[in-house]
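Per-entry structural report
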Amino acid sequence: MRIVLLGAPGSGKGTQAALLEKHLGLPHISTGVLLRHAVAEQTPIGQQAKAIIDRGELVPDDVMLDLIEERLAQADTQQGFLLDGYPRNLAQAESLDALLKRLGRPVDEAIQIDVDPEQVIARIEQRAAQEGRSDDTEEVLRHRMRIYQEQTAPVVDYYARKGLLTRVLGEGSVEEVLQLILSVLSMDERGAAP
Ligand code: AMP
């Protein structure tokens, strides 16, 4: 199964993707993790991306497409994958569609995790304390939320128009949200069965 997880910064999408990876046996592909790794390794992409990430802005679409194309060429993605943090704007959604069409492996499901913005702030403050991410300061977070509203929210409608979107309320416990997502996925699998 090829799944796109969508949600605002702090919606719990990364946490859920990590759990779903274990439950479904599919690789969790987080573009944020790939980029932070590139920054730590000081690769050319990492050097280009660091200042952009620290400002809370989006890394250019062509860089992201190269990164995702390279990741999807790896053998572990053949049985499916969970995308977390990509696509982040309409141009990326269209590029991803074109890439997956070319590979004959289209997206099966898009899941949007909805949370109240107040909860998001509280979660990010907790994450900042635990992980010490350089882009989890209040000012950068506000900027990331604005970019999310302007650029990423339309991606939700994009998948809705394709009939691939399910919305899940992300305000319960981690386990409750996980069960909601798993039930959506198993319903769809049953629906797809002959
Ligand atoms: P995340 O861990 O998904 O919150 O991503 C952290 C940061 O990495 C974002 O604020 C962006 O600067 C960058 N980033 C991650 N994914 C993308 C993407 N698909 N397009 C552009 N920038 C991205």
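Residues numbered from 1 in each chain as written. Predicted model: local features only at pLDDT ≥ 70, side-chain atom pairs only at ≥ 80, totals over all residues. Heavy atoms only, no water.

A word on the site of the ligand. The environment of the ligand is made up of 16 residues, and the closest members are Thr31, Glu57, Gly85, Arg88 and Gln92. One of the side-chain N or O atoms of Arg36 is found 3.0 Å from an oxygen atom in the ligand. At a separation of 2.9 Å, a nitrogen atom of the ligand approaches a polar side-chain atom of Gln92. Protein burial of the ligand: of its 480 Å² of free accessible surface, 96% is covered by the chains. Assessed atom by atom at 2 Å from the grid points, the ligand resides in the largest pocket. Here the shell around the ligand takes four residues from helix H2 (residues 31–41), the largest share from any one element. (Near = heavy atom within 4 Å. Polar contact = N/O pair within 3.5 Å; in protein donor to acceptor, adjacent residues only side chain to side chain. Areas by Shrake-Rupley, 256 points an atom, 1.4 Å probe, with all protein chains shown as cover. 1 Å grid on protein atoms, 1.4 Å probe; cavity = no way out; pocket = protein on both sides within 12 Å on 5 of 7 lines; lining within 4 Å. Sits in = over half its atoms within 2 Å of the grid points. Helix = DSSP H or I, 4+ residues; strand = E, 2+ residues; numbered from the N terminus.)

In this structure, the largest pocket spans a volume of roughly 1100 Å³. Lining of the largest pocket is provided by 49 residues; of these, Gly10, Lys13, Arg127, Arg133 and Arg144 occupy positions nearest its centre. For the lining of the largest pocket, the secondary-structure elements that each account for two or more residues are strand E1 (2–7), helix H1 (13–24), strand E2 (28–30), H2, helix H6 (117–131), helix H7 (138–161) and helix H8 (174–192). Ranked by the residues each element gives to the lining of the largest pocket, the list is headed by H6, at six residues. Split by residue class, the lining of the largest pocket holds 18 nonpolar, 20 polar and eleven charged. The computed volume of the second largest pocket comes to approximately 180 Å³. Along the walls of the second largest pocket sit Leu34, His37, Ala38, Thr43, Ile45, Leu67, Glu70, Arg71 and Gln74, which together make up its complete lining. Only H2 and helix H4 (61–72) provide two or more residues apiece to the lining of the second largest pocket. Split by residue class, the lining of the second largest pocket holds four nonpolar, three polar and two charged. (Points joined across faces, edges and corners; volume = space filled by probe spheres on them. Nonpolar A, V, L, I, M, F, W, Y, C, P; charged D, E, K, R; others polar.)

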